[in-house]
Amino acid sequence: MDDTAWDTIDSLVRWLDRGSDIPDDTRVLLQLLKITEEAGEVAEAVIGATGTNPRKGFSHSWDDVRNELCDVIVTAMVALARLTPDAREVFAANLRRIAERSEQEA
């Protein structure tokens, strides 16, 4: 992942933290919970895009699903950045590990 994305994440963390009086450890825990909230919004969008809720019908599009997935990714990146100052390196190392594992199983 390029540095521009991580620079944006760092900027978002600073923006979210500005003026907040929530203790740092609580911020991290709440950010981790936010991932689940965003994942729920993906599920809601999928249900809406497939029209499987009889009360609501087709209430979302596949663009909505894509947008919600991006929200999950950004939220998880913010959580990782709040959890460790080495977020970029931690993510890169884990991505390499996952890629290597998938190549070995192919």
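Quantities reported herein were computed from a predicted structural model and do not represent experimental measurements.

With that settled, consider the overall build of the chain. Summing up its helical and strand segments, the chain has four helices and zero strands in all. Sequence-ordered secondary structure for the chain, helices as α and strands as β, is α-α-α-α. Against the 2.2 N^0.38 benchmark of 13 Å for 106 residues, the chain shows a C-alpha radius of gyration of 17 Å, more extended than a compact globule. Dimensions of the chain along its principal axes, counting C-alpha atoms only, are 45 × 45 × 25 Å. Among the 106 residues that make up the chain, the fraction classed as buried is 23%. Contacts spanning at least 24 positions in sequence make up 58% of the contacts within the chain whose residues lie at least 6 apart. For the chain, the exposed area adds up to about 7400 Å²; of that, 58% sits on carbon and sulfur atoms. Taking the 12 positively charged and 21 negatively charged side chains of the chain as two groups, their mean positions are separated by 2 Å.

Another aspect to go through is the packing of helix α1 (residues 3-17) against helix α3 (residues 62-83). Closest axis-to-axis distance for the α1/α3 pair is 9 Å, and the angle between their directions is 75°. In terms of their interaxial angle, α1 and α3 are classed as roughly perpendicular. Where α1 approaches α3, its residues W6, I9, D10, L12, V13, L16 and D17 are matched on the opposing element by V74, M77, V78, L80, A81 and R82.

Okay, the environment of T50 next. Relative to the elements of secondary structure, T50 occurs in helix α2 (residues 24-50). What makes T50 partly exposed here is its relative accessible area of 35%. Sequence-wise, T50 and R66 are 16 residues apart; in three dimensions their C-alpha atoms are separated by 14 Å. Each residue touching T50, except ones within four places of it in the same chain, is listed here: F58 and W62. Within the structure, the side chain of T50 is placed 3.2 Å from the side chain of T52, a separation counted as a polar contact.

The rules behind these values
Residues numbered from 1 in each chain as written. Predicted model: local features only at pLDDT ≥ 70, side-chain atom pairs only at ≥ 80, totals over all residues. Heavy atoms only, no water. Helix = DSSP H or I, 4+ residues; strand = E, 2+ residues; numbered from the N terminus. Rg over C-alpha atoms; globule rule 2.2 N^0.38 Å. Buried < 20%, exposed > 50% of the residue type's maximum accessible area, 1.4 Å probe, protein only. Contact = heavy atoms within 4.5 Å. Areas by Shrake-Rupley, 256 points an atom, 1.4 Å probe, with all protein chains shown as cover. Lys, Arg positive; Asp, Glu negative; His and termini not counted. Charge placed at Lys NZ, Arg CZ, Asp CG, Glu CD. Axes fitted to C-alpha atoms, helices over the stretch in contact; angles between N-to-C directions. Parallel < 35°, antiparallel > 145°, perpendicular 65-115°, else oblique. Polar contact = N/O pair within 3.5 Å; in protein donor to acceptor, adjacent residues only side chain to side chain.

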